[in-house]
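Summary of the model geometry
One-letter residues, chain by chain:
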Amino acid sequence: MQAVPLTRNNDFRRLYKRGKSLVDRNIVVYYAKNRLGANRVGFTVGKKVGGAVTRNRAKRLMRESFRLLEPGLAQGFDFVLVSRSRLPHLKRQAVDASLSRLLGSAGLLHKGESS
């Protein structure tokens, strides 16, 4: 099942305040259970990361990595993925590995999906 975009500022703030966080050198993931039975996901990149082109690359990398991991993810969660300054300069495989490691350590990936 494909994740629904997380768009409301209220939802982002709720995850930042009440959600659990997973931290890596390249990415930060905030997550919390929702009552919808489907996953929702949002992506953020701060202005410190770089200009518009750099920030859009970071979002594209995170979006693609999440899309590839999505079939093995537990359902019924909200996610916010926040880029760190080094993420736009990485290859996609490194972002995949980083996100997989974080979600696997939280027990959100089914067996055999984490690297």
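Remarks on the pairing of strand β2 (residues 20-23)
Relative to strand β3 (residues 27-33), β2 runs antiparallel, the two being bridged by four bridges. When the bridges of β3 are listed, Ser-21 appears paired with Tyr-30. The antiparallel hairpin formed by β2 and β3 contains three residues in its connecting segment.

Some thoughts on the pattern of salt bridges
Per the counting criterion, the structure on display carries six salt bridges. Between Arg-40 and Asp-11 there is a salt bridge, and its shortest N-O distance comes to 3.6 Å. Remark: Asp-11 occurs in helix α1 (residues 9-18) and Arg-40 occurs in strand β4 (residues 40-44); sequence separation between them is 29 residues.

Looking at the packing of helix α2 (residues 52-69) against helix α3 (residues 92-105)
Two elements in contact, α2 and α3, have axes whose closest approach is 9 Å; the angle formed by their N-to-C orientations is 55 degrees. Looking at the two axes, α2 sits oblique to α3. As α2 runs across α3, the sense of the crossing is right-handed. Contacts from Leu-61, Glu-64, Ser-65, Phe-66, Leu-68 and Leu-69 in α2 reach Arg-92, Val-95, Asp-96, Leu-99, Ser-100 and Leu-103 in α3. Partitioning the contact of α2 with α3 into residue classes produces seven nonpolar, two polar and three charged.

Some details on the nonpolar core
One broad trend across soluble globular proteins is that nonpolar side chains are buried collectively. If you look at the biggest cluster of nonpolar residues, it comprises 27 residues, and the most contacted ones within it are Val-29, Phe-66, Phe-79, Leu-81, Leu-99 and Leu-103. Elements with a contribution of two residues or more to this core: β3, β4, α2, β5 (77-83) and α3. The leading source of residues in this core is α2, at five residues. Setting aside residues no more than four positions away along its own chain, Leu-81 makes contact with Ile-27, Val-28, Val-29, Val-41, Gly-42, Phe-43, Thr-44, Met-62, Phe-66 and Leu-99. If you look at the next biggest cluster of nonpolar residues, it comprises seven residues, including Leu-15, Val-28, Val-80 and Val-82.

Section: the packing of aromatic side chains
As enumerated under the stated definition, the model contains five aromatic pairs in all. A ring pair is formed by Tyr-16 and Tyr-30, whose centres lie 5.0 Å apart and whose planes are at 80 degrees; its orientation type is edge-to-face. Here Tyr-16 is found in helix α1, whereas its partner Tyr-30 is found in strand β3, with 14 residues between them in sequence. Judged by its relative accessible area of 21%, Tyr-30 falls in the partly exposed class. Between the aromatic rings of Phe-77 and Phe-79, the centroid separation amounts to 6.2 Å while the plane-to-plane angle is 40 degrees, which identifies the pairing as tilted. Exposure class is identical for Phe-77 and Phe-79. Each is buried.

Quick notes on the rules
- Residues numbered from 1 in each chain as written.
- Predicted model: local features only at pLDDT ≥ 70, side-chain atom pairs only at ≥ 80, totals over all residues.
- Heavy atoms only, no water.
- Pairing = 2+ DSSP bridges.
- Helix = DSSP H or I, 4+ residues; strand = E, 2+ residues; numbered from the N terminus.
- Salt bridge = Lys/Arg side-chain N within 4 Å of Asp/Glu carboxyl O.
- Axes fitted to C-alpha atoms, helices over the stretch in contact; angles between N-to-C directions.
- Parallel < 35°, antiparallel > 145°, perpendicular 65-115°, else oblique.
- Left-handed = near helix turned anticlockwise from the far one by under 90°.
- Contact = heavy atoms within 4.5 Å.
- Nonpolar A, V, L, I, M, F, W, Y, C, P; charged D, E, K, R; others polar.
- Core = buried A, V, L, I, M, F, W, Y, C linked by side-chain atoms within 4.5 Å.
- Buried < 20%, exposed > 50% of the residue type's maximum accessible area, 1.4 Å probe, protein only.
- Phe/Tyr/Trp six-rings, centres within 6.5 Å; stacked < 30°, edge-to-face > 60°.

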